[in-house]
Amino acid sequence: MLNKVRLLTPGPTPLPERVRLALAHDMIHHRKSEFKAIMHRVQEQLRVLFGTQGPVLPLSCSGTGAMTAAVHGLFAPGEKVLVIEGGKFGQRWRAIAEQRGLTAVSIEVPWGQAVTPEAVRQALDADPAIRGVLVQLSETSTGVLHPVQALAQLTRSRDVLLVVDGISGVGLSPCPMDEWGLDCLLTGSQKGLMLPPGLALLALSPRAWSKAEATASGCFYFNLPKERANVEKGQTLFTSPVSLIVGLEESLKLLLENGLDPIYRKQWALTMLTRTGVTALGLELFAPQDFAWGITSVRLPAGVDGNEVVRLAAERHGVYMAGGQDHLKGRIVRIGHMGWVDWADVLAGLHALAASLQEAGGHSGSRDYLEQGLAAYHAALAVDPGTPLPLTHA
Ligand SMILES: *Cc1c(COP(=O)(O)O)cnc(C)c1O
């Protein structure tokens, strides 16, 4: 009760008041005109967010459901896909592909690094049977941003679909689907979109739609062509997640009334704030080069238990961060700065990290880590808006 609860987790993320109030709206019926009107308005907004002319399907599931829908809708058993495996969520692509009966070949990328377009080019050249590349825009388990724009340069000239899990990237860093040439872009509600968990969004390119039409869907629930036919009527195939769609209209209004470019610039500035702050604390960045804009992963000094640091930050300071997964358990801390998170939340996070680190037996670093972080934040925001955003792997 002494502190505000601050979710600096990589989903779920804090909810803006306007979104919470929209979620409190009375229930309306999902087959009636009022709901259809909301669906049509949301559809226009979603196309701006995704940077696409085509439909963006709302699916009633968590993000993994949309990953499942993509794999089962776009590929038939026996087809071969290339998986970019540089973390937990890359591994999830492989597991879903294998469940669908696909042959999955992987490029194993060291955790903390991005895949190189050259490695993907070699893999595609070496095996013309590959029909899809499955990748994360932002690999949330490591905090890495993969170069999907460059990967699309390789896939769009081949008979290979580029399927991008943008769950921790959409609304956080630029990913204009049509301009870049992605074939599938999907996301979930509980990260950049500032909504509760439970809604996923998925869009396809025209050639991916052709593939989806020619592929018998692998499951009853997810049927992309049937969902598309419903979306055109302001409907979903089964009962719609009504409240989440109502909340989505409000969260998209918030994002778009600011404009996407300022949102991405704010995310970039928060990333600079976090990275500068933890570095001033004497900590090492887990993703030194190709880093995501919604999450910062930090290595802990030897002898310090990361789970303990995360526990202390929550208990003593009300700041919830994430630990590492798999072999990174206890060894890294992941600071989410996605969605309805601002500079003051990140300062609270840095302070909670510093104090918890010290309590857990680590060192304390520079005393002016907050000032250094803030200086980096303001410097990032002061960049002339005419200057292109510094995509880290450009
Ligand atoms: C959070 C996340 C997922 C999993 O989403 P769920 O909503 O938990 O199913 C998948 N991929 C990435 C990149 C994520 O960040």
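What comes next concerns the included structure.

Criteria and thresholds
- Residues numbered from 1 in each chain as written.
- Predicted model: local features only at pLDDT ≥ 70, side-chain atom pairs only at ≥ 80, totals over all residues.
- Heavy atoms only, no water.
- Buried < 20%, exposed > 50% of the residue type's maximum accessible area, 1.4 Å probe, protein only.
- Helix = DSSP H or I, 4+ residues; strand = E, 2+ residues; numbered from the N terminus.
- Arc of directions from axis to C-beta.
- Contact = heavy atoms within 4.5 Å.
- Pairing = 2+ DSSP bridges.
- Axes fitted to C-alpha atoms, helices over the stretch in contact; angles between N-to-C directions.
- Expected span 1.5 Å × (residues − 1).
- Salt bridge = Lys/Arg side-chain N within 4 Å of Asp/Glu carboxyl O.

## Brief notes about helix H8 (residues 206-214)
Where H8 is concerned, the buried positions are Ala208, Trp209 and Ala212. One side of H8 carries all its buried residues, which in axial view fall inside an arc of 105°. Exposed residues pointing more than 90 degrees away from the buried face of H8 are listed as Pro206 and Ala214. Summarising the contacts, the buried residues of H8 are in contact with strand S2 (56-59), helix H3 (63-74), strand S8 (161-165), strand S10 (200-204) and helix H9 (224-231).

## Topic: the sheet that holds S10
Taken in spatial order, the seven strands of this open sheet run S2-S10-S9-S8-S5-S3-S4, and their pairing is mixed. Unpaired on one side and paired on the other, S2 and strand S4 (103-108) mark the two borders of the sheet. Within the sheet, the average angular offset between the axes of one strand and its neighbour, ignoring direction, is 20°. Bridging between strand S3 (residues 80-85) and S4 involves six bridges; their strand directions are parallel. Residue pairing for S4: Val83 is matched across the bridge by Ser106. Against the sheet, helix H6 (residues 148-155) touches strand S5 (130-136) and S8, its axis set at about 160° to S8. Relative to S10, H8 is tilted by about 100°, and along the sheet it contacts S2, S8 and S10.

## Brief notes about helix H10 (residues 242-258)
Here H10 is 17 residues long and its end C-alpha atoms lie 25 Å apart, about the 24 Å a rise of 1.5 Å per residue gives. Judged by how many residues are buried, H10 sits mostly within the fold: twelve of 17 residues are covered. Every buried residue belonging to H10 is among Val242, Leu244, Ile245, Val246, Gly247, Leu248, Glu249, Glu250, Ser251, Leu252, Leu254 and Leu255, and all of these are buried. Positive backbone phi, at 90°, marks Gly259, one or two positions downstream of H10.

## Things to note about the pattern of salt bridges
Between side chains of opposite charge, a pair can form as their charged atoms come close. A full pass over the atoms with the stated rule returns 21 salt bridges. The salt bridge partner of Lys88 is Asp326, with a shortest N-O separation of 3.1 Å. Pair noted here: Lys88 is in helix H4 (residues 88-99) and Asp326 is in the loop between strand S14 (322-323) and strand S15 (332-336), with a separation of 238 residues, a long-range link. Since its relative accessible area comes to 26%, Lys88 is described here as partly exposed. According to the relative accessible area criterion, Asp326 is partly exposed, its value standing at 35%. Notably, a salt bridge pairs Arg228 with Glu213, separated by 2.5 Å at the nearest N-O pair. Here Arg228, found in helix H9, pairs with Glu213, found in helix H8; they are 15 residues apart in sequence, far enough to count as distant. Its relative accessible area of 18% is what places Arg228 among the buried residues.

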